[in-house]
Amino acid sequence: MYGGRVMEEGPAEAVFAAPAPPYTAALADAVAAPGERWAAAAPRLAGEPRSPINPDPKACGFHGRCPIGQDVCRTVPPPLRPMPGGRRVACHFPPEPPHERPHRI
Ligand code: SF4
């Protein structure tokens, strides 16, 4: 979830192995590997979080911080769409297929 909205859902193993929307990928990268104090690959997101008090109902909640956001993300909220493996993703531009990542947790 980000800003009170579900960004991705599905089996945890599948989501963390290949997160689809950029927010889930950033969240997964922020998890420290066993033995690490800090996640070495933790991304630094640009921009500022949107107001949780007055969210824009017409925009993706991650727009403004998303590295691949486009104009449509500012004017049309992405619905949760089904993806392979029983997952659902709220993103206009999820990678297809989701990128496999090294298993960190
Ligand atoms: S809908 Fe747009 S802004 Fe939101 S996560 Fe996807 S690409 Fe990024």
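Our subject is the structure that appears above.
The numbers attached to residues start from 1 for each chain and follow its sequence in the written order. Given that this is a predicted model, residues contribute local features only at a pLDDT of at least 70 and side-chain atom pairs are listed and counted only at 80 or more, while totals for whole chains, interfaces and linings are drawn from all residues.

Here a helix means four or more residues in a row that DSSP labels H or I, a strand means two or more in a row labelled E, and each is numbered from the N terminus. In terms of regular secondary structure, the chain is built from three helices and three strands. Going residue by residue from the N terminus, the α and β elements of the chain occur as β-α-α-α-β-β. Counting only residues that meet the buried cut, the chain has 23% of its 105 residues in that class. Whether two residues are in contact is decided by their C-beta atoms, placed from the backbone, lying within 7 Å. Within the chain, counting contacts between residues at least 6 apart in sequence, those at least 24 apart form 47% of the total. Three classes are used. A residue is buried when 20 or more other C-beta atoms lie within 10 Å of its own, exposed when 12 or fewer do, and partly exposed in between, with C-beta atoms placed from the backbone.

Further remarks concern the nonpolar core. Judged by nonpolar contacts, the single largest core of 13 residues is most densely connected at Y2, M7, Y23, F62, V89, A90 and C91. Sorting elements by how many residues they give to this core places helix α2 (residues 22–29) first, with three residues. To form a nonpolar core, buried Ala, Val, Leu, Ile, Met, Phe, Trp, Tyr and Cys residues must be joined through C-beta atoms within 7 Å.

This part covers the site of the ligand. Any residue whose C-beta atom, as set from the backbone, lies within 6 Å of a molecule or strand is reported as near that molecule or strand. Taken together, 14 residues surround the ligand, and among them C60, C66, G69, C73 and C91 come closest. Split by residue class, the shell around the ligand holds eleven nonpolar, three polar and no charged. When residues are sorted by character, Ala, Val, Leu, Ile, Met, Phe, Trp, Tyr, Cys and Pro go into the nonpolar class, Asp, Glu, Lys and Arg into the charged class, and all the rest, Gly among them, into the polar class.

Buried within α2 are the following residues: P22, Y23, T24, A25 and A26. Where the residues of α2 are buried, they touch β1 (8–9) and α1 (12–17).

The next point concerns the sheet that holds β1. In short, DSSP must find at least two bridges between two strands for them to pair. Read across the open sheet, the three strands follow the order β1-β3-β2; overall the sheet is antiparallel. Each having just a single partner strand, β1 and β2 (81–83) make up the two edges of the open sheet. Bridge count between β1 and strand β3 (residues 87–89): two bridges; the pairing is antiparallel. Paired with E9 across the strands is R88, a residue of β3.

The next thing to look at is the environment of C73. Mapped onto the elements of the fold, C73 is located in helix α3 (residues 71–75). In contact with C73, not counting residues within four places along its chain, are A59, C60, H63, C66 and H92.

Right, let's get into the environment of G86. For G86, the location among the structural elements is in the loop between β2 and β3. On the basis of neighbour counts, which here come to 10 C-beta atoms within 10 Å, the residue G86 falls in the exposed class.

Here we come to the environment of L27. Tracing the backbone shows L27 in helix α2. Owing to 19 C-beta atoms within 10 Å, L27 belongs among the partly exposed residues under this scheme. Distance from L27 to A42, taken between C-alpha atoms, is 8.2 Å for residues 15 residues apart in sequence.

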